[in-house]
Amino acid sequence: MSAVAALPTRKSRRSWLFALGLTLVGINVAVALLTLVWLPYDPSSTAGGRLETPSLLHWAGTDRLGRDLFTQIMIGSRIALMVGAGAVAIGAAIGVTLGVLSAFATRLLDDTFAAAFDILIAFPTLLLAMLVVAASDTASLWTAILALGIAISAIVARLTRILAKRVIGMDYITAARTSGTSWPQIVVKHVLPNIWPTLLVNFALQFGIAVTAEASLSYLGLGAPPPNASWGRLLQEAQGTVYTAPFGAIAPGLALLILVIGINLSADGLRDIGDPTRRGSR
């Protein structure tokens, strides 16, 4: 009886965490959209005192140049979501295409694709993105998005290949092929609809990885350059005054942490929705 009674509690806890994740992500999205029409202060204004503590005038204090830190964090939210969405879109477009092609390719070509995916995945996402950025002429926001998208594409491609090959081995795919259905039609009608739920969860996880990696790139000076107020760049600028004005580092770090936690909780909830066995066992 106790085990049966515990099941609804676990399910309700998972639902509550999923709702919390969506709320945290939703707040970041709302803040990012708000920056398009309103900001508390001009991002370039240095009228505030240097390294002020949080107050009614400056909710998160000011940085070493006298700029309102809350305004910078709001802009950083927009940049983080832009990078995450752009990198995942590029990674999904490249990865799903290559993964499906690999699944339908000949044995030799499939093995070649698989080896290439494994080699790329062996490099950490941040390291691979750093190599792509370093190979470009200058660091920019779009360079960071492209670099992270390329790094993510290998992970997506490998997962797509595995999922697609599993679906292709089903009897109904053989029946569809025997009836004269073309491979493009099989991909659109049977393969993609069956692998999409799992891919969606992976996209959510890669979104969080891209946001963290972009902050790391910006911290190293390889991400969005000024005047883009990336959270990573705010952390880099605050490291010199972390002992005298710690909130300059705490605020952007906390903003990054909240967004990543929200994304991971949302991804976990999506996994439960897409997998009936997990719904029933939680």
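Residues numbered from 1 in each chain as written. Predicted model: local features only at pLDDT ≥ 70, side-chain atom pairs only at ≥ 80, totals over all residues. Heavy atoms only, no water.

Caption draft 1: Representation of the packing of helix α2 (residues 69-104) against helix α5 (residues 141-168) within the structure. Where α2 meets α5, the closest approach of the two axes is 5 Å, and the angle between their N-to-C directions is 35°. Helix-helix and strand crossings are classified by hand; for α2 and α5 the assignment is right-handed. Partitioning the contact of α2 with α5 into residue classes produces 23 nonpolar, eight polar and two charged. (Axes fitted to C-alpha atoms, helices over the stretch in contact; angles between N-to-C directions. Helix = DSSP H or I, 4+ residues; strand = E, 2+ residues; numbered from the N terminus. Left-handed = near helix turned anticlockwise from the far one by under 90°. Nonpolar A, V, L, I, M, F, W, Y, C, P; charged D, E, K, R; others polar.)

Caption draft 2: Main features of the pattern of salt bridges. Overall, the coordinates contain 10 salt bridges when judged by the stated rule. Between Asp268 and Arg14 there is a salt bridge whose closest N-O contact spans 2.1 Å. Here Arg14 lies in helix α1 (residues 2-34) and Asp268 lies in helix α9 (residues 247-274), a separation of 254 residues in the sequence. Among the salt bridges present, the one from Asp111 reaches Arg107, with a minimum N-O distance of 3.5 Å. Of this pair, Asp111 and Arg107 both sit in helix α3 (residues 107-122), separated by four residues, roughly a single helical turn. Judged by relative accessible area, Arg107 falls into the exposed class, the value being 66%. Look at the salt bridges and you will find they share partners, linking Arg14, Asp268, Arg271 and Asp272 into a network. (Salt bridge = Lys/Arg side-chain N within 4 Å of Asp/Glu carboxyl O. Buried < 20%, exposed > 50% of the residue type's maximum accessible area, 1.4 Å probe, protein only.)

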